Amino acid sequence: MDCLFCKIVRKEIPADIVLEDERFLVFHDIQPKAPLHLLIIPKKHIHSVDHVEIEDKELMGELILTSQKVARMHNLKGYKLQINVGREGGQVVDHIHLHLLADIAK
Ligand code: 5GP
Ligand code: ZN
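Asker: Tell me about the layout of surface pockets, and name the residues and values.
Answerer: Using a probe with the size of a water molecule, rolled over the atoms, empty space left in the structure can be pinpointed. Volume-wise, the largest pocket comes out at about 470 Å³. Looking at the largest pocket, it is lined by 24 residues, and the ones nearest its centre are Phe 5, Asp 29, Ile 30, Leu 39 and Val 93. Counting only elements with at least two residues in the lining of the largest pocket, the list comes to helix H1 (4-9), strand S2 (24-28), strand S3 (36-42) and strand S5 (98-102). Within the lining of the largest pocket, the residues separate by chemical class into twelve nonpolar, nine polar and three charged.

Asker: Would you mind going over the nonpolar core in detail, with residue names and values included?
Answerer: It is characteristic of soluble globular proteins that their nonpolar side chains tend to be buried jointly. Ranked by size, the top nonpolar core spans 17 residues in total, and within it Ile 40, Val 70 and Leu 100 carry the most contacts. Mapped by element, the contributors of at least two residues to this core are S2, S3, helix H2 (57-73) and S5. A per-element tally of this core places H2 first, with five residues. Setting aside anything within four residues of it in sequence, one finds Leu 100 in contact with Leu 36, His 37, Leu 38, Ile 40, Ser 67, Val 70, Ala 71, Leu 76, Tyr 79, Lys 80 and Leu 81.

Asker: Residues and numbers for the pattern of salt bridges, please.
Answerer: Following the criterion strictly, the structure yields nine salt bridges and no others. The residue Asp 2 makes a salt bridge to Lys 7 at a minimum N-O spacing of 2.8 Å. Take Asp 2: its relative accessible area is 69%, and that puts it in the exposed class. The class of Lys 7 is partly exposed, set by a relative accessible area of 24%.

Analysis parameters
- Residues numbered from 1 in each chain as written.
- Chains lettered and ligands numbered in written order.
- Predicted model: local features only at pLDDT ≥ 70, side-chain atom pairs only at ≥ 80, totals over all residues.
- Heavy atoms only, no water.
- 1 Å grid on protein atoms, 1.4 Å probe; cavity = no way out; pocket = protein on both sides within 12 Å on 5 of 7 lines; lining within 4 Å.
- Points joined across faces, edges and corners; volume = space filled by probe spheres on them.
- Helix = DSSP H or I, 4+ residues; strand = E, 2+ residues; numbered from the N terminus.
- Nonpolar A, V, L, I, M, F, W, Y, C, P; charged D, E, K, R; others polar.
- Core = buried A, V, L, I, M, F, W, Y, C linked by side-chain atoms within 4.5 Å.
- Buried < 20%, exposed > 50% of the residue type's maximum accessible area, 1.4 Å probe, protein only.
- Contact = heavy atoms within 4.5 Å.
- Salt bridge = Lys/Arg side-chain N within 4 Å of Asp/Glu carboxyl O.

This is how it looks when you write it as structure tokens:
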């Protein structure tokens, strides 16, 4: 798959990875918009929220649980989660990703 985030999953492009398991990869955004700015992605290539199918519902639940896990890893008291959908929604990379933004980097 000729996709930037799939290439990061395959380690063809380096990233500052904070968590990896069978289904997810979490890494630092290259242009952070907050002191802590992580991207949480499923390893499975899904173009956007608009392309999520019923068979992905468990994976999408696990995406949220993965954000909770990394927030706990960083001892965050609060954080923001954001998903941009489509060009007009600000999505630039066409591989579904959840932004986690927080004020305190630890
Ligand atoms: P989007 O606008 O699609 O929701 O977010 C894409 C994000 O990916 C942006 O915040 C951008 O800074 C980040 N990004 C783009 N290219 C790379 C890259 O090569 N490595 C990393 N770690 N982040 C990237
Ligand atoms: Zn991809």
